[in-house]
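Listed here are the chains, written in short residue letters.
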Amino acid sequence: MFRSVQVIQYGFLLAIGFVSGVICFQAFSLDKSMNLIKLVDPRVLELSDVTMWQTILPIVAWGLFVLFFTTHPYLHFFARLVVAVKATFFGFGSVFLLTQQESILVYSVWWFPFQLIYCILLLALCSVFGTRKVGPNRKFVFNKHLFITLVVAFTVMCVGEMFVISSIIN
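Attention here is on the structure that accompanies the text. In this text, all values refer to a predicted model and were calculated from it rather than measured experimentally.

What counts, and at which threshold
Residues numbered from 1 in each chain as written. Predicted model: local features only at pLDDT ≥ 70, side-chain atom pairs only at ≥ 80, totals over all residues. Heavy atoms only, no water. Core = buried A, V, L, I, M, F, W, Y, C linked by side-chain atoms within 4.5 Å. Buried < 20%, exposed > 50% of the residue type's maximum accessible area, 1.4 Å probe, protein only. Helix = DSSP H or I, 4+ residues; strand = E, 2+ residues; numbered from the N terminus. Contact = heavy atoms within 4.5 Å. Salt bridge = Lys/Arg side-chain N within 4 Å of Asp/Glu carboxyl O. Phe/Tyr/Trp six-rings, centres within 6.5 Å; stacked < 30°, edge-to-face > 60°.

Moving on, we get to the nonpolar core. Nonpolar side chains tend toward joint burial in soluble globular proteins. Ranked by internal contacts, the top residues of the largest apolar core, which has 44 residues, are V66, W110 and W111. Elements with a minimum of two residues in this core: helix 1 (2-27), helix 3 (52-71), helix 4 (78-99), helix 5 (104-125) and helix 6 (144-169). Dropping the residues within four chain positions of it, W110 is found in contact with R43, V44, L47, L97, L105, E161, V164, I165 and I169.

The next subject is the pattern of salt bridges. Pairs may arise between side chains of opposite charge once their charged atoms sit close together. Summed over the entire model, instances satisfying the criterion amount to two salt bridges. Across the pair D41 and R43 runs a salt bridge whose closest N-O atoms are separated by 2.8 Å. By relative accessible area, R43 is classed as buried at 2%. A salt bridge links R43 to E161, with the shortest nitrogen-to-oxygen separation between them at 2.9 Å. Highlighted residues: R43 in the loop between helix 2 (30-40) and helix 3 and E161 in helix 6, separated in sequence by 118 residues. Of the two residues examined, R43 and E161, each falls in the buried class. Each of the salt bridges in this network shares a partner with another, and the network as a whole consists of D41, R43 and E161.

Turning to the packing of aromatic side chains, a few remarks are in order. Tallying each qualifying case throughout the model produces 13 aromatic pairs. Judged by centre distance (5.6 Å) and plane angle (55°), the rings of F69 and F78 are tilted. Classification of F78 as partly exposed rests on a relative accessible area of 31%. Each member of the aromatic cluster is reached from another via a ring pair, and the members are F25, F28, F89, F92, F96, W110 and W111.

Structure (structure tokens):
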């Protein structure tokens, strides 16, 4: 029962974050939007000259932020906030790509599926570190198997994203 409630909460977090990004895009001017996109993920602006590091670094940065907050015993609730910010940028970048001419292919093949899966993996990363009540004390537990599975999933997604960018889009 707890897991199904958590899945519903995570689904709402992704949906609200995505819609918030759409609303934020409407509030920004185009030049300010481009400046924000250039700061967070410049690949959205120009996919023709994407390097391997431009694909890997954003994934690693978001993952490290989530992992830092997830493994901290008192700041663990900030991990979901980081994922909500990622989902907001997902919505923000989605509207930007959809408003650009000839970006439907880029959006449907690259941006939407990969960013959605990255957000889901980041939410799963929020579950790597948990507390278990053992008597009057709390015991903090790090789930190594889930962590290794998520690292493999992030790696596979990163390789897949680089393949899609290099062969299908370019």
